[in-house]
Amino acid sequence: MFKRSHYIALAFCALVLLVLLNLPSGASSRLKLAVGGFFLPLFGLSTAAESFVDRASYQLLPRQTLISELRRLEADNARLRFHATQADDALAENNRIRTQLGLLPRGPWKPRPARIVGRDPSTWWRTMLIDYGSRDGAQVNQPVVTAEGLVGRIAVVAHSHSQVALVGDAACGVAVLIAETRDQGIIKGPQSTVESGALEMSTFQHSPQILAGHTVVTSGDGGIFPKGLPVGKIIDTHPANAGLFTTARVRLGANLNRLEEVWVLQQ
Amino acid sequence: MTWLTPALLFLVTWISVYLQTGLIPMRVVLGAPPNILPAIVVYAAFTHGLGIVTTLTIVAGLWADSLSGSRLGTGVAPLFVLGFLLNTRQHLLLRDQRYAQFWLGFGGGIGVPLAHALILEMGGAEPAWGWFTLRQLLGLGLLNGIACPVAFIFFDQLRGTFEYQQAGPGPYATNREMKRGRT
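Overview of the structure. (Residues numbered from 1 in each chain as written. Chains lettered and ligands numbered in written order. Predicted model: local features only at pLDDT ≥ 70, side-chain atom pairs only at ≥ 80, totals over all residues.)

1. Quick word on unusual backbone geometry
Residues and elements named next belong to chain A.
Then step 1. If you check the backbone angles, Asn141 has positive phi at about 80° while not being a glycine.
Then step 2. Here Asn141 lies in the loop between β2 (127-130) and β3 (143-146).
Then step 3. Here the phi dihedral of Arg182 falls at roughly 65°; this positive angle occurs in a residue that is not glycine.
Then step 4. With respect to the secondary-structure elements, Arg182 resides in the loop between β6 (174-178) and β7 (184-187).
Then step 5. Taking the number of C-beta atoms within 10 Å as the measure of exposure, Arg182 has 10 and is therefore exposed. (Helix = DSSP H or I, 4+ residues; strand = E, 2+ residues; numbered from the N terminus. Buried ≥ 20, exposed ≤ 12 C-beta atoms within 10 Å, placed from the backbone.)

Below you can see the structure in the form of structure tokens.
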């Protein structure tokens, strides 16, 4: 039925698959990073092209627009510096009280900017690539956020870029709580509603007091995400498992389809 | 220049895997990354030997896995099966007909991601699928259905430009040709 060459091709492919799928997890990740290195020239080219377009667009902007933008940013900067001073005082006070209560002081998180250079080429995962790698201090499990809310966590780190598992991916479960009612729950993918920017959250008990519009923030449990990061808003709720738990749909604060820049939180 | 088409095939595959990580507007329309690897494999299976097809499917699967959340190697098998089946059964298929190319690309565009998801499920992973997957698969099927004839036209044009043309039939009927040597 088959020729000799067919059997050779089949055996070769089976051997390659057998070796790859039986590699230890660490070796498989290292090999994956090495294979991903083939795309570094294209990522570099794309970044260079983007920065060229940016520079060209700056040259074309009228001076008046730039000056008014500069003034607006200076005003914003002054206001944010004032808030930051207040926040520093509050953090110091919080840490003094935590020390008196015998709790570990809470360290400040340093946000580092990163640009999104790509998204998952497969249909089945919610991940994206950012231009922030081990050379910039990236580590696995560092939280990734925007001003609007939580985006995900770093799952794989390469030299010049990292892979971020987005909220809603199977690799990025998030322990959350409702800010208004303090009910705790978990958001864990995969979820069928992830396409519309909504995710499913399950509480640990029946919680009828959760209402649409309530704010969902990270609970700090699990040790990956700091407590209090905004995640999204409740859309609606319904009882699950014969009323033992409550399931709520959560509209994410950050629009994962339109992200261009993110912040990586370093401790 | 027989190396040119295979080299270009690998180059197009490399670029297409990279483009799968971008092209946001197309992603929004399809609801899925614009994956045209099945269409490229269909073309390769009909026009190249099994060695090239095997290498291409392994390399393409590894490249796609290296940028995604999948375990390295899980994307190879569906592409290889598609390429192997078409290559070994090409004499049974209407490979020169545009509608046949469309339907082969369409089938590959649906079958390859679906098989990949099944492999991931069997491996204990939790790929994100639900009712929206139907729309994604339909979108990928149509994309590959269109990309497949385009790949045939593009690569055949290129082959015609750079490779030696096969001599066509002469003006005389074959039964009038003089056979040389002992028969």
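2. A few points about the sheet that holds strand β10 (residues 230-240) of chain A
Residue and element names in this part refer to chain A.
Then step 1. Taken in spatial order, the 6 strands of this closed barrel run β6-β7-β8-β11-β10-β9, and their pairing is antiparallel. When strand polarity is set aside, the average angle formed by the axes of neighbouring strands in this sheet is 40°.
Then step 2. Sheet topology note: the strand β8 (residues 198-203)/strand β11 (residues 245-252) ladder contains 5 bridges and is antiparallel. Its bridge partner being in β11, Glu200 is matched across the sheet by Arg249. (Pairing = 2+ DSSP bridges. Axes fitted to C-alpha atoms, helices over the stretch in contact; angles between N-to-C directions.)

3. Notes on helix α4 (residues 50-66) of chain B
The periodicity of an α-helix, 3.6 residues per turn, causes residues three or four places apart in sequence to face the same way.
Then step 1. Its 17 residues give α4(B) an end-to-end C-alpha distance of 24 Å, which sits within 8% of 24 Å, the value for a rise of 1.5 Å per residue.
Then step 2. Judged by how many residues are buried, α4(B) sits mostly within the fold: 12 of 17 residues are covered.
Then step 3. Within the span of α4(B), buried status applies to B:Val53, B:Thr54, B:Leu56, B:Thr57, B:Ile58, B:Ala60, B:Gly61, B:Leu62, B:Trp63, B:Ala64, B:Asp65 and B:Ser66.
Then step 4. Looking at the packing, one finds that the buried side of α4(B) touches α1 (4-21) and α2 (25-36) of chain A together with α1 (4-20), α3 (37-47) and α5 (76-88) of chain B. (Expected span 1.5 Å × (residues − 1). Contact = placed C-beta atoms within 7 Å.)

4. Observations regarding the packing of α3(B) against α5(B)
All names here are of chain B.
Then step 1. The N-to-C vectors of α3 and α5 enclose an angle of 30°; their axes lie 8 Å apart at closest approach. Viewed along their axes, α3 and α5 adopt a mutual orientation that is roughly parallel. When you trace α3 past α5, the crossing you get is right-handed. Residues Leu37, Pro38, Val41, Val42, Ala44, Ala45 and Phe46 of α3 form the contact with α5, whose participating residues are Leu79, Leu82, Gly83, Leu86 and Asn87. (Parallel < 35°, antiparallel > 145°, perpendicular 65-115°, else oblique. Left-handed = near helix turned anticlockwise from the far one by under 90°.)

5. A short note on the interface of chain B and chain A
The extent of an interface is frequently quoted as the accessible surface area lost upon association of the parts.
Then step 1. Contact with chain B, which involves 43 residues of that partner, is made by 39 residues of chain A.
Then step 2. Looking at the side of chain B that touches chain A element by element, the count peaks at 8 residues for α4(B).
Then step 3. Taken together, the residues that form the side of chain B that touches chain A break down as 26 nonpolar, 14 polar and 3 charged. (Nonpolar A, V, L, I, M, F, W, Y, C, P; charged D, E, K, R; others polar.)

6. A closer look at the packing of α1(B) against α3(B)
A packed helix pair is summarised by two numbers, namely the angle formed by the two axes and the spacing between the axes.
Residue and element names in this part refer to chain B.
Then step 1. With their axes 10 Å apart at the nearest point, α1 and α3 run at an angle of 170° to one another. In terms of their interaxial angle, α1 and α3 are classed as roughly antiparallel. Between α1, through Leu9, Val12, Thr13 and Ser16, and α3, the contact on the second element is made entirely by Leu37, Ile40 and Ala44.
Then step 2. A per-class count over the contact of α1 with α3 returns 5 nonpolar, 2 polar and no charged.

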